[in-house]
Amino acid sequence: MKFKETAEDLAVKDRLWDATERELEHFARLYAEGHVAGFRYRDAQKDATSAAKRRGYPKGLVRDLGAVVRKGEWGGGRLG
């Protein structure tokens, strides 16, 4: 049986995606702000990835997004 998504279903999905993206951006910015040149992995970065992990996000994703933020390639719009 195949279900059709209503406009309301799509709106809920869009709001959920926006909230998820904002939360990921928050963790990525925390990770990027914790970066100190010459150090491999700082406590602030560890705190950011641990908090993200507790919320169910992969640590690697937060590290990768943090690198994108640090490079200035993510201006805060939608990912992708």
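So, here's what we can say about the structure. In this text the structure is predicted, and so the values were computed from the model without any measurement. (Residues numbered from 1 in each chain as written. Predicted model: local features only at pLDDT ≥ 70, side-chain atom pairs only at ≥ 80, totals over all residues. Heavy atoms only, no water.)

### Regarding the packing of helix α1 (residues 7–33) against helix α3 (residues 59–71)
As a packed pair, α1 and α3 sit with axes 8 Å apart at the nearest point and diverge in direction by 70 degrees. Accordingly, the angle class assigned to the pair α1 and α3 is roughly perpendicular. The way α1 lies across α3 gives a crossing that is right-handed. Of the residues in α3, those touching α1 at Leu24, Phe27, Ala28, Arg29, Tyr31 and Ala32 are Leu61, Val62, Arg63, Leu65, Gly66, Val69 and Arg70. Class assignment for the residues of the contact of α1 with α3 results in 9 nonpolar, 1 polar and 3 charged. (Axes fitted to C-alpha atoms, helices over the stretch in contact; angles between N-to-C directions. Helix = DSSP H or I, 4+ residues; strand = E, 2+ residues; numbered from the N terminus. Parallel < 35°, antiparallel > 145°, perpendicular 65-115°, else oblique. Left-handed = near helix turned anticlockwise from the far one by under 90°. Contact = heavy atoms within 4.5 Å. Nonpolar A, V, L, I, M, F, W, Y, C, P; charged D, E, K, R; others polar.)

### Brief notes about the pattern of salt bridges
Tallied over the entire structure, the rule returns 3 salt bridges. In this structure, Glu5 engages Lys13 in a salt bridge whose closest nitrogen and oxygen atoms are separated by 2.4 Å. With a shortest N-O distance of 2.8 Å, Glu25 and Arg29 are connected by a salt bridge. Residue Glu25 and its partner Arg29 are both found in helix α1; the two are separated by 4 residues, about one turn of the helix. Judged by relative accessible area, Arg29 falls into the partly exposed class, the value being 28%. (Salt bridge = Lys/Arg side-chain N within 4 Å of Asp/Glu carboxyl O. Buried < 20%, exposed > 50% of the residue type's maximum accessible area, 1.4 Å probe, protein only.)

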